[in-house]
Amino acid sequence: MEIGSMVAVTLVQIAVVMGVVLLTVAYMTYAERKVLSFMQDRLGPMEVGPWGLLQPIADGLKLFFKEDIIPSGANKIIFAVAPIICLVPALIGFAVIPYNGSFTLFGLEGGGVISDLNVGLLYIFAVAGMGAYGVILGGWASNSKYAFLGGLRSAAQIISYELAMGFSIVGVLLLSGSLSLVTVTEAQAGTWFGFIPQWNIFLQPVAFVAYVIAAVAETNRLPFDMPEAESELVAGFFTEYSGMRFSLFFLAEYGNMILVSCLASILFLGGYKAPLPILEFIPGFVWLALKTWALLFFFIWIRGTYPRVRFDQLMKFGWKVLIPVTLANLLVTALGVYIYNN
Amino acid sequence: MREFFVTTEFVPTDYLPVLIFFLIAGGFGFVTMIAGRFVRPQVSYREKLLPYECGAPPISDARQPFPMRYYIIAMLFVLFDIEAVFMYPWAVVFNQIGLYGLVEMLLFITILVIGYVYAWGKGALEWD
């Protein structure tokens, strides 16, 4: 493909992907409030628009017009760029997420992914790791005790659960033999006995559970939301942030949630593949969206169900339970793959 | 210049979209922040700019010494994360290297587990 048309296709894809992600973030905040409300026998936002449907737009506009306060004693430059350092990794991770099979639109060929890197998974982990810098820099630069403690805790939590996440994925790699997310998805095509989709979740149930737990902890969500435990740390690392900078942190948090859910549906639930051959007339991106939304609903559900754990329990669980379990799962998978191949 | 990008063998072509995405995402962050400058109020006084400490005037600097544990966790993370990254290429080529790869990885994980048990025994994973 020529360089010009390649850039054009890329720009269109980025615009669409970013638009969908930001829209999902906006309506994820709405869905979260609504679902939690219904779980608690309330109605949730009802005032702005029908059933409160315009609430996210009102919230966004409000934050846009709010004063930007930089506390005295803060390191101004780091304080100012920390939200961007947090947001950019959460967004560019989507560059390697395959949202559809190859297709042709207006005579231009699209691969269904912005860039099919041959090291896609490693890229996502490398980029997601950068997000921790934004958190810890934001917490440190605020010159506030709550923000500082929140930043430290958050960084410790993110790196601890990143290990379990990394180990749990190796099992999937053993099955698909590639780091490219397109290949991983394509390896899950077809069915067993005509009705069970060949998804990795059926071969790697332990890895899936470990991945989901690690994903919840990675994104600092309840019941693992130590860094922002409202009752003790006010708001954690973004205590001092206001207005647009606050909303960028918020976007990053929800963007990360969508990214790990997308990744879970690609690695374990067949990505854009339809579960049954009969359902293949429905386009791939609809399937990916349905699977991702189901996981996002699960995130809200556990928030509404479980109480917060203590920080020492959280670290203990990550290091003493999840890591041994995922390592054992990896060895069992390797043995299984070896025996199956011979 | 054109051949430079068009060659399929040359991997950086795949990274061009990533670079564009990076610039757009970063630009999005900066533009929303700078655009807000023209519409939002900017009325600051001393009390408003104080770091939040439950309403009382803040005591001492926030950047105080913090527990060693965070350093230990960070060091352990670096060690184990390198191991994890080492397993990725192994997992990708596992079907081609067969028994040799399996035994090698068993040895590797044994060494890893020895270090893990040592850290556990030394109390590096405790948080009380």
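What counts, and at which threshold
- Every chain's residues receive numbers from 1 upward, in the order its sequence appears when written.
- The order in which chains are written sets their letters, starting at A; the order in which ligands are written sets their numbers, starting at 1.
- The predicted nature of this model means local features are confined to residues of pLDDT at least 70 and side-chain atom pairs, given and counted, to a pLDDT of 80 or more, with totals for whole chains, interfaces and linings taken over all residues.
- With hydrogens and water excluded, all non-hydrogen atoms of the structure serve as input to the side-chain values.
- In DSSP terms, a helix is any run of H or I states spanning at least four residues, a strand is any run of E spanning at least two, and both are numbered starting from the N terminus.
- A 1.4 Å probe rolled over the protein chains alone gives each residue an accessible area, and that area as a share of the maximum for its type sets the label: buried under 20%, exposed over 50%, partly exposed in between.
- Residue contacts are counted whenever heavy atoms from the two residues lie within 4.5 Å of one another.
- The Shrake-Rupley method, run with a 1.4 Å probe sphere, supplies the accessible areas, and residue values consider only the shown protein chains as cover.
- This radius of gyration counts C-alpha atoms alone. The globule rule is 2.2 Å times how many residues there are, raised to the power 0.38.
- As used throughout, the charge tally considers Lys and Arg to be positive and Asp and Glu to be negative, leaving His and the chain termini uncounted.
- The location of each charge is read from NZ of Lys, CZ of Arg, CG of Asp or CD of Glu.
- A pair is scored as a salt bridge if a Lys or Arg side-chain nitrogen falls within 4 Å of a carboxyl oxygen belonging to Asp or Glu.
- By this rule the span expected of a helix is its residue count minus one, scaled by 1.5 Å.
- The term bend refers to the angle at a residue between two fitted axes, each drawn through seven residues, those ending there and those starting there.

Caption draft 1: Local environment of the overall build of chain B. Across its full length, chain B holds five helices and zero strands. The secondary structure elements of chain B, listed N-terminal to C-terminal, are α-α-α-α-α. When burial is assessed residue by residue, chain B has 30% of its 128 residues classed as buried. Looking at chain B alone, contacts between residues at least 24 apart form 41% of all its contacts between residues at least 6 apart. For chain B, the computed accessible surface area is about 8,500 Å², with 71% contributed by carbon and sulfur atoms.

Caption draft 2: Fine view of the overall build of chain A. Within chain A one finds 12 helices and four strands. For 342 residues, the compact-globule formula gives about 20 Å, and the C-alpha radius of gyration of chain A, at 21 Å, lands near that figure. Overall size of chain A, expressed as C-alpha extent along the three principal axes, is 65 × 50 × 45 Å. Look at the contacts in chain A between residues 6 or more apart in sequence, and 76% of them connect residues 24 or more apart. Between the averaged position of the 17 positive side-chain charges in chain A and that of its 20 negative side-chain charges there is a distance of 9 Å.

Caption draft 3: Structural detail: the pattern of salt bridges. This structure, assessed with the given rule, holds six salt bridges over all chains. In this structure, the salt-bridge partner of Glu-186 of chain A is Lys-273 of chain A, at a minimum N-O distance of 3.2 Å. Here Lys-273 of chain A lies in the loop between helix H10 (243–268) and helix H11 (284–305) and Glu-186 of chain A lies in helix H6 (residues 181–186), a separation of 87 residues in the sequence. A salt bridge links Arg-310 of chain A to Asp-312 of chain A; the nearest nitrogen and oxygen atoms lie 2.9 Å apart. One salt-bridge network, in which partners are shared between bridges, spans Asp-68 and Arg-245 of chain A together with Arg-40 of chain B.

Caption draft 4: Representation of helix H3 (residues 76–92) of chain A in the model. The end-to-end C-alpha distance of H3 of chain A is 25 Å, a good match for the 24 Å that 17 residues give at a rise of 1.5 Å each. The sharpest bend along H3 of chain A comes to roughly 30 degrees, located at Ala-82 of chain A, with the proline Pro-83 of chain A sitting one to four residues further on. H3 of chain A sits mainly inside the fold: 12 of its 17 residues count as buried. Taken residue by residue, H3 of chain A has Phe-79, Ala-80, Ala-82, Pro-83, Ile-84, Cys-86, Leu-87, Val-88, Pro-89, Ala-90, Leu-91 and Ile-92 of chain A as its buried positions. Considering only its buried residues, H3 of chain A is in contact with helix H1 (3–39), helix H4 (120–141) and H10 of chain A together with helix H2 (12–36) of chain B.

Caption draft 5: How the structure looks around the environment of Gln-198 of chain A. Counting through the fold element by element, Gln-198 of chain A comes out in the loop between strand E4 (196–197) and helix H7 (200–203). Once residues lying within four places of it in the same chain are set aside, the contact partners of Gln-198 of chain A are Gln-188, Ala-189, Gly-190, Thr-191 and Trp-192 of chain A.

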